[in-house]
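What the coordinates show
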Amino acid sequence: MESISLYIHIPFCVKKCAYCDFTSYPGQLAQRDRYLEAVCREMRTQAAFFGRRPVKTMFLGGGTPTLLSGEQVRALMEAVRACFDLEPDAEITMEGNPGTLTAENLRAYRAAGVNRLSLGVQSFDDALLAGIGRIHTAAQAQEAVRMARDAGFGNLNLDLMLGLPGQSVQQWTQTLEQAIALSPEHLSCYALIVEEGTPLCGQVERGECAPLPDEDALCRMDEVTERLTREAGFARYEVSNYARPGFACRHNIVYWSCGPYLGLGCAAHSDLAGRRFYNPANWEAYLQTTQSGSTQRETEGENTPQDRMFERMMMGLRMTRGVDCARFARDFGRTPQEVWPRVIERCQRDGLMEREGEFLRLTPRGMQVMNSVLVEML
Ligand code: SF4
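What this report covers is the structure whose coordinates are included nearby.

Parameters at a glance
- Residues numbered from 1 in each chain as written.
- Predicted model: local features only at pLDDT ≥ 70, side-chain atom pairs only at ≥ 80, totals over all residues.
- Helix = DSSP H or I, 4+ residues; strand = E, 2+ residues; numbered from the N terminus.
- Rg over C-alpha atoms; globule rule 2.2 N^0.38 Å.
- Buried ≥ 20, exposed ≤ 12 C-beta atoms within 10 Å, placed from the backbone.
- Contact = placed C-beta atoms within 7 Å.
- Arc of directions from axis to C-beta.
- Pairing = 2+ DSSP bridges.
- Near = placed C-beta within 6 Å.
- Nonpolar A, V, L, I, M, F, W, Y, C, P; charged D, E, K, R; others polar.
- Axes fitted to C-alpha atoms, helices over the stretch in contact; angles between N-to-C directions.
- Parallel < 35°, antiparallel > 145°, perpendicular 65-115°, else oblique.

**Notes on the overall build of the chain**
Check the secondary structure of the chain and you find 16 helices and 17 strands. For the chain, whose C-alpha radius of gyration is 21 Å, the value lies close to the compact-globule estimate of 21 Å for 378 residues. Viewed in the frame of its principal axes, the chain has a C-alpha envelope of about 60 × 50 × 40 Å. Classification of the 378 residues of the chain by burial places 40% in the buried group. Long-range contacts, defined as pairs at least 24 residues apart, comprise 71% of the intrachain contacts of the chain with a sequence gap of at least 6.

**A short note on helix α3 (residues 103–112)**
Those residues of α3 that sit buried are Asn 105, Leu 106, Tyr 109, Arg 110 and Ala 112. Around the axis of α3, the buried residues are gathered within 160° of arc, so they sit on the same side. Buried residues belonging to α3 abut α2 (70–83), β5 (85–96) and α5 (138–150). In the stretch just after α3, Gly 113 is the one whose phi turns positive, near 115°.

**What to know about the pairing of strand β17 (residues 359–362)**
Only one face of β17 is buried, namely the one carrying Leu 360 and Leu 362, since none of Phe 359 and Arg 361 on the opposite face is buried. Sheet analysis places strand β15 (residues 323–324) next to β17, joined by two bridges and oriented antiparallel. Pairing of Asp 324 across the sheet is with Phe 359, part of β17. As paired elements, strand β16 (residues 353–356) and β17 share four bridges and run antiparallel to each other. When the sheet's bridge partners are listed, Glu 356 is paired in β17 with Phe 359.

**Re helix α14 (residues 341–349)**
When α14 is considered as a whole, its buried residues turn out to be Val 343, Ile 344 and Cys 347. Each buried residue of α14 lies within a common arc of 90° when the element is viewed along its axis, so the set occupies one face. Structural note: α14 exposes Pro 341, Arg 342, Glu 345 and Arg 349 on the side pointing more than 90 degrees away from its buried face. Where α14 is buried, its residues meet α13 (336–339), β16, α15 (364–368) and α16 (370–377). Note on α14: the residue one or two positions beyond its end, Gly 351, has a positive phi of about 75°.

**Overview of the site of the ligand**
Looking at the ligand, the residues that line it are Cys 13, Lys 16, Cys 17, Cys 20, Phe 22, Ser 24, Gly 62, Gly 63, Thr 64, Asn 97 and Gly 120. For the shell around the ligand, the per-class residue count stands at four nonpolar, six polar and one charged.

**Topic: the packing of α2 against α3**
When two helices pack together, their arrangement is given by the angle between the helix axes and by the axis-to-axis distance. Taken N-terminus to C-terminus, the directions of α2 and α3 make an angle of 10°; their axes are 8 Å apart at the nearest point. Taken as axis vectors, α2 and α3 run roughly parallel relative to one another. Taken together, the residues of α3 that come into contact with α2 (itself represented by Gly 70, Val 73, Arg 74 and Met 77) are Glu 104, Asn 105, Ala 108, Tyr 109 and Ala 112. Its residues assigned to classes, the contact of α2 with α3 comprises five nonpolar, two polar and two charged.

What follows is the structure in structure tokens.
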């Protein structure tokens with residue numbers, strides 16, 4: 001049976017960050033056990049329907065999964081092992097907020113089998129952190145890394161954000177330098193997106209926060225990121241992700257390669273056995289769904305082969321290795337070159353795309369104009 005990836009959404013947070021549009025609920029910590037019971041119910045239902053699958057990667061995302069106690073994570077991992085064949089070398093990631101970690105919990109997470117910790121550091125500038133409503137300081141983030149190492153985590157990611165209100169290129173450079181000085185195995189450097197409906201969006205519209213960095217500043221931040229990470233021994237393997245050799249995130253590569261995954265918990269999406277479906281974002285509605293014992297979920301509508309092919313390119317071209325043309329041909333009966341002959345030929349002629357072995361990828365120059373290449377394919 002084909003290996004899958006497993007995503008479990010933990011929607012609890014201490015408080016809502018100003019920019020956040022993820023499904024997360026502050027102030028509901030008393031509901032954690034009830035919610036985890038529902039996740040385990042859903043897990044058993046889906047495992048009975050899709051079979052006892054081998055699981056090669058697992059991701060506890062949120063929200064703030066590190067608001068779970070060590071015992072809660074242990075019980076959750078036990079349920080996963082009871083329902084699926086967790087492969088011996090499975091990558092098991094947990095997202096953590098530096099403001100919620102304790103040495104005791106970190107040791108318990110590690111003992112439960114979590115082997116990769118992804119810390120939402122965002123910045124090492126306390127004023128910028130406060131400006132976006134994060135609950136932690138730079139010093140807490142540094143302490144979190146130390147505690148994680150002490151607890152035995154040998155695979156650490158630091159999430160950083162660039163393009164914050166009022167952030168200068170110099171401030172970004174300092175954050176990145178401090179992150180690199182902590183010797184993580186992986187760095188995610190995401191540009192802030194001001195999502196509609198978030199408090200930050202209102203602040204930006206009303207001019208109540210410092211101005212956002214302009215395009216020129218963002219380009220220079222990107223150049224700094226590329227240079228500093230390269231000099232420190234990281235390779236950029238996706239638009240926003242950098243890893244030391246052997247530490248690229250296997251779970252996210254499954255998403256970018258359009259591989260099979262099962263999502264559990266409120267708002268979680270799945271793409272498994274040719275079906276795409278998702279759970280209600282509202283967690284009370286989610287609890288009711290799991291009580292019915294049904295595997296019927298909202299489906300994402302009909303995806304035509306054309307949609308699927310385009311999605312495979314859109315996701316695959318985010319990675320520096322590109323799209324696996326042999327797998328593409330196996331799955332769709334045609335190669336990308338047969339589906340988009342003119343666009344691909346022109347991109348190759350203009351030095352935006354290149355072929356290496358079975359992989360078709362964007363060149364560094366092509367990465368800069370990825371959106372316009374994709375629009376042409378559409
Ligand atoms: S910690 Fe993450 S999920 Fe929670 S509110 Fe902040 S950005 Fe959203």
